[in-house]
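This is what each chain is made of:
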Amino acid sequence: MREKIVASNWKMNKTLYEGLNLVRDLQMAMNGKTINCNIIVCPPFIHLASLATLTFSGIVRLGAQNCSDKASGAYTGEVSAAMLASVGIHYVILGHSERRAYYGETNAMLKEKVKLALNHVLQPIFCIGEVLAEREAGIQKEVVEKQIRESLFDLSAKEFGNIVLAYEPVWAIGTGKTATSEQAQEMHAFIRATIADKYGSAVAEETSILYGGSCNAGNAKELFTNPDVDGGLIGGASLAVETLLPIIEAFS
Ligand code: PGA
């Protein structure tokens, strides 16, 4: 059975104190409840080492929002995969559309990041998704296939087994405009078929594919009941326990 996951992407939000409180409050709110998914919390880099010192219940793990495409050296301001692993991080979001759009991250650069992450036993949460103009032109599947192929398809099947994918239509991120349940399922099924073509159906069936883009308490359940939607990558709604917990509980 592939893993069900709710991953929080805090983006550039929360001071250290606010972040520590949010994680503590979330764990307290889940105490005594049956939780049917794994939870990944991705705060800004600077909070990771402090958050790693908290005692986590088994289902909560930490991820970073990015890592460098270089192993080490004279790259001012960058954080390497090795550094993340050294503070006890398990996941790293790679290829988020904000990184692609605002920081010029290309499929080729992301391929390097993925390799470095895997070399340090970090599981990439690899983001893919089309912009509105591409959806309107009807080329969303080609766009997503290219993102996957150019950054991930050099991996061996064994390496690919450590990838979590997140389909995030860019027009749905932070806009309050969620993909419909049908749009999400159609794209997730396409992504799984693309993986099956390359690595075979066993690998494809084991790959968790998350949906991201204005996922909230009101739409999570419907999105997550789709057979190919294995959870969510949550931005805005991950910033408060009241908005995140119902998404986690959508896996009932
Ligand atoms: P959102 O962000 O939930 O605020 O739309 C999702 C994301 O960018 O990962």
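Everything numeric here is computed off the predicted structure, so don't read it as measured data.

Cut-offs used in this document
For every chain, the first residue of the written sequence is number 1, and numbering continues from 1 onward in sequence order. Side-chain atom pairs in this predicted model are given and counted only at pLDDT of 80 or more, local residue features only at pLDDT of at least 70, and totals for whole chains, interfaces and linings cover all residues. For side-chain calculations, the full set of non-hydrogen atoms in the structure is used, while hydrogens and water are omitted. A run of H or I in DSSP counts as a helix once it spans at least four residues, and a run of E counts as a strand once it spans at least two, with each numbered from the N terminus. Radius of gyration here uses only the C-alpha atoms, and the compact-globule reference equals 2.2 Å multiplied by the residue count raised to the power 0.38. Each residue is assigned to one of three classes by its accessible area relative to the maximum for its type, calculated with a 1.4 Å probe on protein chains only: buried under 20%, partly exposed between the two thresholds, exposed over 50%. In short, Shrake-Rupley with a 1.4 Å probe defines the accessible areas, and a residue's cover is counted only from the protein chains shown. All tallies of charge rest on Lys and Arg as positive and Asp and Glu as negative; His and the ends of each chain are not included. All charge positions are set by atom: Lys at NZ, Arg at CZ, Asp at CG, Glu at CD. Here, a strand pair is defined by DSSP locating no fewer than two bridges between the strands. Lines are fitted to the C-alpha atoms to define the axes, a helix being fitted only along its stretch in contact, and any angle between axes, read from their N-to-C directions, falls within 0 to 180 degrees. We call two residues contacting when some pair of their heavy atoms lies within 4.5 Å. Aromatic rings from Phe, Tyr and Trp, with only the six-membered ring used for Trp, were paired whenever their centres fell within 6.5 Å, and each pair was classed as stacked if the ring planes differed by under 30 degrees, edge-to-face if by over 60, and tilted otherwise. Note on geometry: a ring has a charge over it if NZ (lysine) or CZ (arginine) is within 6 Å of the ring centre and within 35 degrees of the ring normal. Roughly parallel refers to an angle under 35 degrees, roughly antiparallel to one over 145, roughly perpendicular to one between 65 and 115, and oblique to any angle outside these ranges. Two helices that cross are described as forming a left-handed crossing if the nearer one is turned anticlockwise from the farther one by less than a right angle, and a right-handed crossing if clockwise. Basically, the charged four are Asp, Glu, Lys and Arg, the nonpolar ten are Ala, Val, Leu, Ile, Met, Phe, Trp, Tyr, Cys and Pro, and anything else, Gly included, counts as polar. The arc in question is the one spanned by the directions pointing from the helix axis to the C-beta atoms. Any Lys or Arg side-chain nitrogen located within 4 Å of an Asp or Glu carboxyl oxygen qualifies as a salt bridge.

Colleague: What's the story with the overall build of the protein in this structure? I'm lost.
Modeller: Across its full length, the protein carries 12 helices and 8 strands. Computed over its C-alpha atoms, the radius of gyration of the protein comes to 17 Å, within 12% of the 18 Å expected for a compact globule of 252 residues. The principal-axis extent of the C-alpha atoms belonging to the protein is close to 45 × 45 × 35 Å. The buried share among the 252 residues of the protein stands at 51%. Carbon and sulfur atoms provide 54% of the accessible area of the protein, an area that totals close to 11100 Å². Computing the positive centroid from 22 side-chain charges and the negative centroid from 27, the protein places the two 3 Å apart.

Colleague: I'm lost on the sheet that holds strand E4 (residues 91-94) in this one. Help?
Modeller: Note on sheets: strands pair through backbone hydrogen bonds, and any given pair is parallel or antiparallel. With respect to topology, 8 strands assemble into a closed barrel ordered E1-E2-E3-E4-E5-E6-E7-E8, the strand pairing being parallel. Along the sheet, successive strands turn relative to each other by an average axial angle of 25°, direction set aside. One ladder, built from 2 bridges, connects strand E7 (residues 209-212) with strand E8 (residues 231-234); its direction is parallel. Looking at the pairing, Gly212 lines up with Leu233 of E8. Lying over the sheet, helix H7 (residues 140-152) contacts strand E5 (123-128) and strand E6 (164-167), oriented at roughly 150° with respect to E5. Sitting on the sheet, helix H12 (residues 241-248) touches strand E1 (5-9), strand E2 (38-42) and E8, and the angle it makes with E1 is about 160°.

Colleague: What should I look at first to understand the packing of aromatic side chains in this one?
Modeller: The relation between two aromatic rings is expressed through the spacing of the ring centres and the mutual angle of the planes. In this structure the tally under the stated criterion is 6 aromatic pairs. Clustering of aromatic rings is evident, with ring pairs tying together Phe153, Phe160 and Tyr199. The residue whose ring lies beneath Arg99 is Tyr103, and the NZ or CZ to ring-centre distance is 4.1 Å. When the ring centre of Tyr199 is taken as reference, the NZ or CZ atom of Lys198 above it lies at 5.8 Å.

Colleague: What is the right way to look at the side chain of Ser214 in this model?
Modeller: As for its position among the elements, Ser214 is in the loop between E7 and helix H11 (220-224). On the basis of relative accessibility, which here comes to 17%, the residue Ser214 falls in the buried class. Those residues in contact with Ser214 that sit more than four places away from it in its chain are Ala172, Ile173, Gly174, Thr175, Gly176, Lys177, Thr178 and Asn219.

Colleague: Help me understand the packing of H7 against helix H9 (residues 181-199), please; the structure alone is not making it clear to me.
Modeller: Pairs of packed helices are described in terms of their axes, by the angle between the two and the distance that separates them. Following both chains from N to C, one finds H7 and H9 inclined at 40°, their axes separated by 11 Å at the closest point. Our classification of the angle between H7 and H9 gives oblique. The chirality of how H7 crosses H9 is right-handed. Every residue of H9 that contacts H7 at Gln140, Lys141, Val144, Glu145, Ile148 and Leu152 is listed here: Glu186, Met187, Phe190, Ile191, Thr194 and Tyr199. The residue inventory of the contact of H7 with H9, partitioned by class, reads 7 nonpolar, 2 polar and 3 charged.

Colleague: Help me understand H12, please; the structure alone is not making it clear to me.
Modeller: An α-helix turns once per 3.6 residues; consequently, residues spaced three or four apart project the same way. Among all positions of H12, only Val241, Leu244, Leu245, Ile247 and Ile248 are buried. Projected down its long axis, H12 carries its buried residues within an arc of 160°, all on one side. Buried positions along H12 lie against E1, helix H1 (16-30), E2, H11 and E8.

Colleague: Whenever I open this one, the pattern of salt bridges confuses me. Can you help?
Modeller: Note on pairing: side chains with opposite charge can pair once their charged atoms come close. Taken as a whole, this structure holds 17 salt bridges when the rule is applied. Note that Asp230 and Lys4 form a salt bridge whose closest N and O atoms lie 3.5 Å from each other. Of this pair, Asp230 sits in the loop between H11 and E8 while Lys4 is found in the segment before E1, placing the two residues 226 residues apart along the sequence. Residue classification places Asp230 among the buried positions, given a relative accessible area of 0%. Among the ionic pairs, Lys33 bridges to Glu249, the shortest N-O distance being 3.1 Å. Of this pair, Lys33 sits in the loop between H1 and E2 while Glu249 sits in the segment after H12, and the two are 216 residues apart along the sequence. Owing to a relative accessible area of 40%, Lys33 belongs among the partly exposed residues under this scheme.

Spatial relationships are all this shows, so hold off on functional conclusions.
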